[in-house]
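Residues per chain are reported as follows:
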Amino acid sequence: MSSQTLKLKGRSELGIAALLGAVGGVVVWDALRLSVPYSHSDPVGPRTVPLIVGGLLLVCAVLLAINVLRGGRGEAEEGEDVDLSHPSDWKTVVPLLAAFLANILLIDTLGWVISGTLLFWGSVWALGSRKYIRDGLISIVMSVATFYGFYLGLGIHLPAGLLAGVL
Amino acid sequence: MDALNLLMQGFATAATPMNLLFAFIGVLLGTAVGVLPGIGPAMAVALLLPLTYGLEPTSAFIMFAGIYYGGMYGGSTTSILLNTPGESATVITAIEGHKMAKAGRAAQALATAAIGSFVAGTIGTALLVAFAPMVVQFAVSLGPPSYLAIMVLGLIAVTAVLGSSKLRGFSSLGLGMAIGLVGLDPVTGQQRMVFGLPLLADGLDIVVVAVAIFAVGEALWIAAHLRRKPMETIPVGAPWMGKQDWKRSWKPWLRGTALGFPFGALPAGGAEIPTFLSYVTEKRLSKHKEEFGHGAIEGVAGPEAANNASAAGTLTPMLALGLPTNATAAVMLAAFVQYGIQPGPLLFQNEPQLVWALIASLFIGNTLLLLINLPLAPMWAKLLQIPRPYLYAGILFFATLGAYAVNLQAFDLAILLVLGLLGFAMRRYGLPVLPLIIGLILAPRAEGQLRKSLQLSAGDISGLWSEPIAIFVYGIVALILAWPLFAFAWRRFRPAPVAGGPGAPLAGGQAAAIVGPAAATEGSTAAAGQLPSPADTKDAPRQPADGGDSRGDSSGDSTDQNRVQAPPPKARL
């Protein structure tokens with residue numbers, strides 16, 4: 001790895017510091033907005049803990065930014081199927097996220113069986129499988145089976161959507 | 001004995017056909033998720049949390065317990081046959097276990113791991129039976145200030161002791177606590193962190209958060225770095241052990257158990273430290289020192305036993321105090337909350353049937369695990385061949401399903417996605433996940449105790465340390481927080497011969513970091529002297545690229561480096 005990419009990687013971690021700072025700021029702002037009636041039964045009030053949490057986040061944000069600028073880096077998590085020798089593969093992640101988003105938008109109108117099928121099929125495709133027919137069949141089986149499994153086993157009625165009369 | 005009577009009643013509950021079935025499903029699922037890459041017991045229990053809507057609590061917890069113990073068995077199978085341990089607790093097993101497998105002794109390695117796990121799990125569960133009621137008896141006399149102190153200890157210990165960067169640990173803790181704030185303030189009823197969204201007013205569902213962080217975040221992270229080459233697994237027949245193997249294994253099993261249980265029961269014990277200490281102990285005591293690093297059976301037997309005993313130990317504070325110390329225990333605690341069951345010392349009084357059935361099912365599950373793991377190990381190993389697209393698409397699929405089933409709202413799926421992306425970023429930038437989950441679960445309860453404490457003292461802040469136990473526990477918290485300073489002073493005034501320079505092989509270095517606090521608290525400085533030498537750990541699975549740089553944080557920079565480089569000087573003699 002060249003020193004150039006090392007520097008870039010170090011810098012992208014500043015985003016985490018920014019996130020911590022933003023969350024901390026929001027927590028503090030939200031806490032200050034609360035009304036704190038004087039009360040014998042609750043001397044601590046609703047504000048104290050959020051202020052502690054927000055303060056912790058803000059301190060962490062500053063320290064992390066300093067740490068990153070001084071060359072510190074978080075260790076990316078390893079795992080059995082994780083190969084850290086190549087950078088994040090956005091060609092896999094973005095389609096995965098798209099499948100996930102599509103499910104969020106479609107689940108209430110199309111129903112779980114259709115949107116779940118699309119979710120599974122899309123995810124499998126994003127992850128690199130190209131056996132369209134087999135993948136499609138497995139997707140349909142999975143979503144139909146979970147639909148009835150939840151209905152009969154747990155009494156949870158997933159939305160049937162378009163297939164309302166059929167299922 | 002009272003506890004024995006209750007345990008017998010627990011066996012009666014756990015041995016009904018229905019509950020036996022759930023125990024069996026649990027151990028099967030547990031072994032499967034332990035073997036499968038990319039999915040562990042915490043994620044499995046999180047994905048199954050939606051079941052809590054349709055199942056009896058007793059059955060659900062019996063199944064969760066089976067998954068918890070089963071994950072340990074399955075994890076050792078992977079690390080022996082594959083040398084890429086998925087969980088940190090099995091890193092040590094992989095060192096010797098994979099060498100054994102390469103040398104054609106996979107069957108013996110799997111056997112000593114499975115039987116050792118059984119022995120340790122059974123003894124550990126027996127210790128749980130013995131100790132949990134004592135802890136409860138002690139704990140019911142405590143008031144809110146002491147509970148607050150114990151919860152603060154739980155939060156700080158998990159964050160500051162485990163993991164390589166304290167700063168990143170505390171960042172993660174803060175995020176978890178912030179997520180826990182969302183919803184109505186329990187005392188005044190005001191909305192906190194709700195931003196006018198009515199859907200947030202009831203707070204974020206723990207199921208959704210746990211599934212997002214454990215399942216969605218993990219699946220996305222692996223998808224971004226998916227290993228495209230097929231992995232080489234070592235083919236294996238049914239596990240068995242010869243007479244010599246038994247002779248060399250039984251003592252490490254017992255010693256591993258003795259190390260694992262107490263560490264598991266400590267607020268930040270976990271399984272990493274005892275497995276490592278067990279490895280070091282076995283290496284020192286072994287008559288076959290030369291075999292270490294080339295597949296010594298003691299190096300598998302001891303750490304595996306320590307791993308399982310620590311799992312039993314973890315359940316002691318979880319059941320007796322409501323204090324989770326690892327991810328799976330945290331998610332199981334979330335399940336208690338889902339059922340409206342109040343975790344804490346009163347659990348044994350309020351839900352004796354559930355608790356004792358759960359404990360009895362641990363004995364049953366452990367036996368089932370031995371039965372399904374010994375003869376069927378080759379079959380389990382086949383699970384490793386599952387096509388990865390199906391595995392990770394399946395995780396996303398079930399994560400979506402579980403989160404959606406909570407309220408049948410697409411809004412929850414949006415939260416799932418946002419927090420899943422957070423989980424992804426945390427894995428990318430080395431923020432540990434555990435403090436977030438512990439913070440999410442413990443912080444609201446700690447806030448409740450804080451407000452009760454000061455209510456009792458009528459607002460006088462000294463009410464926080466009005467009980468001796470609280471003072472004692474805050475003392476421990478102060479020690480943990482001040483530890484970097486001590487280590488710094490130690491390094492400053494007793495300069496140690498540098499083990500291998502800043503670029504020392506990190507497997508050894510990491511081990512030193514792990515053993516650091518333990519060696520200090522136990523005075524067992526000699527342990528550090530027995531670190532696997534660079535040559536031993538050349539093939540050790542985890543080798544972060546560089547030392548102080550990657551693990552330094554500005555507050556603990558020097559300390560961390562100290563722990564990486566320098567075992568206490570005495571040990572070098």
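Below is a short write-up of the structure.

Conventions used here
Residues numbered from 1 in each chain as written. Chains lettered and ligands numbered in written order. Predicted model: local features only at pLDDT ≥ 70, side-chain atom pairs only at ≥ 80, totals over all residues. Heavy atoms only, no water. Helix = DSSP H or I, 4+ residues; strand = E, 2+ residues; numbered from the N terminus. Buried < 20%, exposed > 50% of the residue type's maximum accessible area, 1.4 Å probe, protein only. Contact = heavy atoms within 4.5 Å. Areas by Shrake-Rupley, 256 points an atom, 1.4 Å probe, with all protein chains shown as cover. Core = buried A, V, L, I, M, F, W, Y, C linked by side-chain atoms within 4.5 Å. Polar contact = N/O pair within 3.5 Å; in protein donor to acceptor, adjacent residues only side chain to side chain. Buried area = accessible area lost by both parts, 1.4 Å probe. Salt bridge = Lys/Arg side-chain N within 4 Å of Asp/Glu carboxyl O. Nonpolar A, V, L, I, M, F, W, Y, C, P; charged D, E, K, R; others polar. Axes fitted to C-alpha atoms, helices over the stretch in contact; angles between N-to-C directions. Parallel < 35°, antiparallel > 145°, perpendicular 65-115°, else oblique. Patch = residues over 30% accessible without salt bridge, like charges linked within 9 Å, V, L, I, M, F, W, Y side chains within 5 Å. Lys, Arg positive; Asp, Glu negative; His and termini not counted. Charge placed at Lys NZ, Arg CZ, Asp CG, Glu CD. Phe/Tyr/Trp six-rings, centres within 6.5 Å; stacked < 30°, edge-to-face > 60°.

1. Concerning the overall build of chain A
- Of the regular secondary structure elements, chain A holds 6 helices and 0 strands.
- Helices and strands appear in chain A in the N-to-C order α-α-α-α-α-α.
- Here chain A holds 167 residues, and 41% of them are scored as buried.
- Across chain A, the fraction of contacts at a sequence separation of at least 24, relative to all contacts at a separation of at least 6, is 56%.

2. Describing the overall build of chain B
- Within chain B, the secondary structure is distributed over 23 helices and 2 strands.
- Looking at chain B as a whole, 65% of its 573 residues qualify as buried.
- In chain B, of all internal contacts separated by at least 6 residues, the share reaching a separation of at least 24 is 80%.
- When the accessible area of chain B is evaluated, it comes to approximately 19,900 Å², of which 66% is carbon and sulfur surface.

3. A few points about the nonpolar core
- Grouped together as the largest cluster of nonpolar side chains are 219 residues, with contacts concentrated most on F61(B), F64(B), F214(B), F336(B), I359(B) and L416(B).
- Counting residues in each nonpolar core, the second largest holds 7 residues, with I95(B), F276(B), Y279(B) and F292(B) among its members.

4. Considerations on the side chain of S79(B)
- In this structure, S79(B) sits in helix α4 (residues 57-82).
- There is a polar contact of 3.1 Å between the side chain of S79(B) and the backbone oxygen of S76(B).

5. Observations concerning the interface of chain B and chain A
- With 88 residues of chain B in contact, the opposing surface of chain A contributes 82 residues.
- Surface buried jointly by chain B and chain A totals about 7,500 Å² across both partners, of which 67% is contributed by carbon and sulfur atoms.
- A salt bridge links E13(A) to R168(B), with the nearest nitrogen and oxygen atoms 3.0 Å apart.
- Our count for the chain B to chain A interface comes out at 22 residue pairs in polar contact (both at pLDDT 80 or more).
- Listed by contribution, the elements that provide at least two residues to the side of chain B that touches chain A are α7 (166-181), β2 (191-192), α8 (206-224), α16 (388-407), α17 (410-428), α18 (434-456) and α22 (548-551) of chain B.
- A total of 13 residues in the side of chain B that touches chain A trace back to one element, the largest contributor, which is α16(B).
- Among the residues making up the side of chain B that touches chain A, the classes are represented as 50 nonpolar, 21 polar and 17 charged.

6. Digging into the packing of helix α6 (residues 144-161) of chain B against α7(B)
Residues and elements named next belong to chain B.
- At a closest axis distance of 7 Å, the pairing of α6 and α7 adopts a crossing angle of 140°. Comparing the axis directions of α6 and α7 gives the class oblique. Seen from α6, the contacting residues are L155, I156, T159 and A160; seen from α7, they are K166, G169, F170 and L173.
- A breakdown of the residues in the contact of α6 with α7 according to their chemical character gives 5 nonpolar, 2 polar and 1 charged.

7. A short note on the side chain of S76(B)
- Turning to its location among the elements, S76(B) is positioned in helix α4.
- Not counting residues within four places of it along the chain, the set of residues in contact with S76(B) comprises T90(B), A113(B) and E304(B).

8. Considerations on a positive patch on the surface
- Side chains of K243(B), K247(B), K251(B) and K287(B) sit close together on the surface and give a patch of like positive charge.
- If you trace the backbone, K247(B) turns up in helix α9 (residues 243-265).

9. As for the packing of aromatic side chains
- What the rule picks out here adds up to 17 aromatic pairs over all chains.
- Relative to Y390(B), the ring of F120(A) has its centre 6.4 Å away and its plane inclined at 5°; by these criteria the two rings are stacked. You can see F120(A) sitting in helix α5 (residues 112-126) and its partner Y390(B) sitting in helix α16, one on each of two chains. By the burial criterion, F120(A) is buried, and Y390(B) matches it.

10. Focus: a nonpolar patch on the surface
All names here are of chain A.
- Where nonpolar side chains cluster on the molecular surface, the patch consists of W121, W125, Y132, I133 and L137 and spans about 550 Å² of accessible area.
- Elements represented by at least two residues in the nonpolar patch include exactly α5 and α6 (132-154).
- Ranked by residues supplied to the nonpolar patch, first place goes to α6 with 3 residues.
- Turning to its location among the elements, Y132 is positioned in helix α6.

11. Quick notes on the environment of G256(B)
Residues and elements named next belong to chain B.
- Mapped onto the secondary structure, G256 falls in helix α9.
- In sequence terms G256 and G116 are 140 residues apart; their C-alpha atoms lie 8.9 Å from each other.
- Each residue touching G256, except ones within four places of it in the same chain, is listed here: S278, G302, A305, A306 and A309.

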